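# Architecture and fold: a report
Given next are the chains, with one letter for each unit.
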Amino acid sequence: MPADRRAINAPDKVTTARHQFFSQRKVPEALVSTTILKSWIRCSQLGHDTARPPVFEPLEARNLRERKEQHELLRRLYRMELQTLLRGARATGGIVVLSDPEGTVLDAEGDVGFAGKAATMALRPGVVWSEASIGTNAIGTAIHERRPVMVRGGEHFHEPHRDMSCAAAPIFDPTGTIMGVLDLSSHASAMPPATLSMVRLIIDQVEHRLFNDAFNDLDVVRFHTDPSLLGTARECILVFDGDRLVAANRYGLKSIAREWGDIGHTRFSDIFDAPSPGYVFGNSLRFRDNGIAHCRLHLRGGRVVPTAIPGAAEPEPEPISADGSAHDSGTAVTEPIPWPKPWFDSHATVSLNHAVRLVDADVPLLVQGETGSGKEAFARAVHACSSRADKPFIAINCAAIPESLIESELFGHEEGAFTGARKNGARGLLREANGGLLFLDEIGDMPLPLQSRLLRVLQDRQVMPLGGGRPVPLDIRIISATNQDLSELSRESRFRDDLYYRLAQFTITLSPLRERVDRRLLIERLWAEVSRGQTRLPVDVRDRLAAYEWPGNYRELVGALRALAALGGANQMSLEQCLPQALRTPSTLRLDSEQTDRGLLQHHTQDVIRSALEEARGNISMAARKLGINRSTLYRHLQRSITRQ
Ligand SMILES: Nc1ncnc2c1ncn2[C@@H]1O[C@H](COP(=O)(O)OP(=O)(O)OP(=O)(O)O)[C@@H](O)[C@H]1O
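What comes next concerns the included structure. Quantities reported herein were computed from a predicted structural model and do not represent experimental measurements. (Residues numbered from 1 in each chain as written. Predicted model: local features only at pLDDT ≥ 70, side-chain atom pairs only at ≥ 80, totals over all residues.)

Structurally, Ala 194 can be placed in the loop between β5 (178-187) and α10 (195-209). Given 10 C-beta atoms within a 10 Å radius, Ala 194 is considered exposed. In sequence terms Ala 194 and Ala 167 are 27 residues apart; their C-alpha atoms lie 9.5 Å from each other. (Helix = DSSP H or I, 4+ residues; strand = E, 2+ residues; numbered from the N terminus. Buried ≥ 20, exposed ≤ 12 C-beta atoms within 10 Å, placed from the backbone.)

Pasting the structure below:
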């Protein structure tokens, strides 16, 4: 038989597969995709018989109308894309079909000729195209698989459907629930393989629109490594409530290697190098693995973090004067310099993650650190990332309240409890913090008698206001902070050791700013905030700032940067001139960190060489072999260290 006749008469793979599966009850090997094969198996188990047409009952007109109303948002989004879809359908002489999440066809339009034929095959509004109802088909199988599916000709379960091919993809809402399915169907032979890609592109648009004007009360992070894709349907979108991922688009999930099921269980700090979106500034987002993406943040309350996306400029905010009223943009008024957000390094971020878990698990924390090292900022970040983020955060500075008032401030009082008591009494800060987090700053300065009272409150989990009244149950999480050595104070009996053990069930020590290795980066970020991104910090000024000891830690640094921005930001003075006095005196500067690094490296190299020589009992060749370098290199190192000494 000539080759061409053989080709014409040979059954195609799908026909062979159907014969093996439906007639011979065999599993066809490599003739159809596993998606189709699995669907055939499912449909057989559901009792479908390929020889008989499926039995279905279309919805009555009234029920169909109701169903359409129920899915009005889906249909509106679909209609926005309809013209493009119809162009695609016309090209293949096919129809566009929209179904609800159960597979009920809501709308079907396109080529009149094919629409008539499709209707005879039951592909018309009101009919449910689930696998259970119709057998293997693109709509039902896409719903089952939760992904785009193409079903061509004989891949359909039932014989009558062999005449058509369908490409369908589910539309996901931002939490991963299927909202509906979009399908393009045409004559079996007319469907080009690219049809499914086109359906996917349309779905991208529909899903992207779901984020417009939504989530105003949450933080929306839009990002992409390619800045030109920001603002398009292919940008990655993640939505956070505090630090918890609560919604996303498919691109967002894919970029962070997560799935729909991870929504609600993933924290911002699991992915990015910051505790929550509120801690990101500017238009770059750093991943934990150090990758960088361009981003655009819409923080809760409608605040948009400024970015520099071409063609997507944000409207200029109206200038606000110190008293809060808007003023003419022409008036030369000095605007208040912003207070920058804390920017944690990787050590503090790890501690933050631990702290959030501990606080959520009701384990009291003690945060230690020098003055200005960010203890309160840290506690606030813990609160913002904890499950109590929407509950109160009450900070009490035990050193700042006069001793005579601490008791009533903390525990509250009844009316007339003491001379000067408030008219209707006071709830007290402990009760203000009920349900939320209490931050006891400078706990080491709490007077001893009050320590006993606080201990009792913590043990009994209830507070009794001064002057009597009924005890009030308390549900608070506690973070205490100190810049003193609390264990030392307790050894000297200046702090109750039982209270110490109660409050310090886990201790976190924040490092001083001078020990932070990414000081240059930190300074640049803080500067970008205080200068509103309008001036660049000269490299030498940045390096001087980075090299300073900063005894007042972040508080001092932030103060200096704000002063620099106020004086030099508008270029009235050079930034160099505006440096604080202490920074203009070279003796207060530490070694430049690169020099320090170089010194450490040299020191380390000498150590390694010394021990290799010791092990080799002074034998240069053997020591060089141990070190994996040649003898001349080792001689050069030895020569250098001798000249240095
Ligand atoms: N990691 C950080 N990055 C940038 N700024 C920070 C950081 N931590 C704290 N700050 C800023 O430094 C200032 C002082 O911080 P904070 O009050 O938290 O320090 P503290 O350790 O509680 O001080 P004290 O010991 O005096 O109570 C604040 O303006 C805060 O926003």
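So, about the site of the ligand. Among the 17 residues in the neighbourhood of the ligand, the closest are listed as Pro 342, Gly 374, Lys 375, Glu 376 and Tyr 554. Breaking the shell around the ligand down by element, the ones donating at least two residues are α14 (375-385) and α22 (553-568). Considering only residue class, the shell around the ligand consists of seven nonpolar, six polar and four charged. Counting the residues that make up the shell around the ligand, at least three belong to each of domain 3 (346-509) and domain 4 (513-588). (Near = placed C-beta within 6 Å. Nonpolar A, V, L, I, M, F, W, Y, C, P; charged D, E, K, R; others polar. Domains from an automatic or database assignment.)

Moving on, we get to the sheet that holds strand β1 (residues 95-99). Spatially, the five strands line up as an open sheet ordered β2-β1-β5-β4-β3, and their pairing is antiparallel. Every other strand in the sheet has two partners, leaving β2 (105-110) and β3 (149-151) as the edge strands with one partner each. Sheet twist, expressed as the mean angle between neighbouring strand axes with direction ignored, is 15 degrees. With five bridges joining them, β1 and β2 adopt antiparallel strand pairing. Paired with Val 96 across the strands is Glu 109, a residue of β2. Across the sheet, helix α6 (residues 82-92) lies against β1, β2 and β5, angled at about 130 degrees from β1, the strand it touches most. (Pairing = 2+ DSSP bridges. Axes fitted to C-alpha atoms, helices over the stretch in contact; angles between N-to-C directions. Contact = placed C-beta atoms within 7 Å.)

To continue, consider unusual backbone geometry. With phi around 55 degrees, Arg 461 is a residue other than glycine that occupies positive phi space. With respect to the helices and strands, the residue Arg 461 is situated in the loop between α17 (448-460) and β15 (462-463). Residue classification places Arg 461 among the exposed positions, given that 11 C-beta atoms sit within 10 Å. Phi is positive for Ser 493, which is not a glycine, with a value near 60 degrees.

What follows is about the packing of helix α13 (residues 346-360) against α14. Where α13 contacts α14, the axes come no closer than 9 Å and their chain directions differ by 55 degrees. Considering their axes alone, α13 and α14 lie oblique with respect to each other. Of the two elements, α13 crosses α14, and the hand of that crossing is right-handed. Across the interface between the two elements, Ala 348, Leu 352, Ala 355, Val 356 and Val 359 of α13 pack against Phe 378, Ala 381, Val 382 and Cys 385 of α14. Of the residues assigned to the contact of α13 with α14, the class counts are nine nonpolar, no polar and no charged. (Parallel < 35°, antiparallel > 145°, perpendicular 65-115°, else oblique. Left-handed = near helix turned anticlockwise from the far one by under 90°.)

Two elements in contact, helix α20 (residues 519-530) and helix α21 (residues 539-547), have axes separated by 9 Å at closest approach and are oriented at 120 degrees. Judged by the angle between their axes, α20 and α21 are oblique. Two packed elements cross with a definite hand, and for α20 against α21 that hand is right-handed. On α21, the residues that touch Arg 519, Arg 520, Ile 523 and Glu 524 of α20 are Arg 542, Leu 545 and Ala 546. The residue inventory of the contact of α20 with α21, partitioned by class, reads three nonpolar, no polar and four charged.

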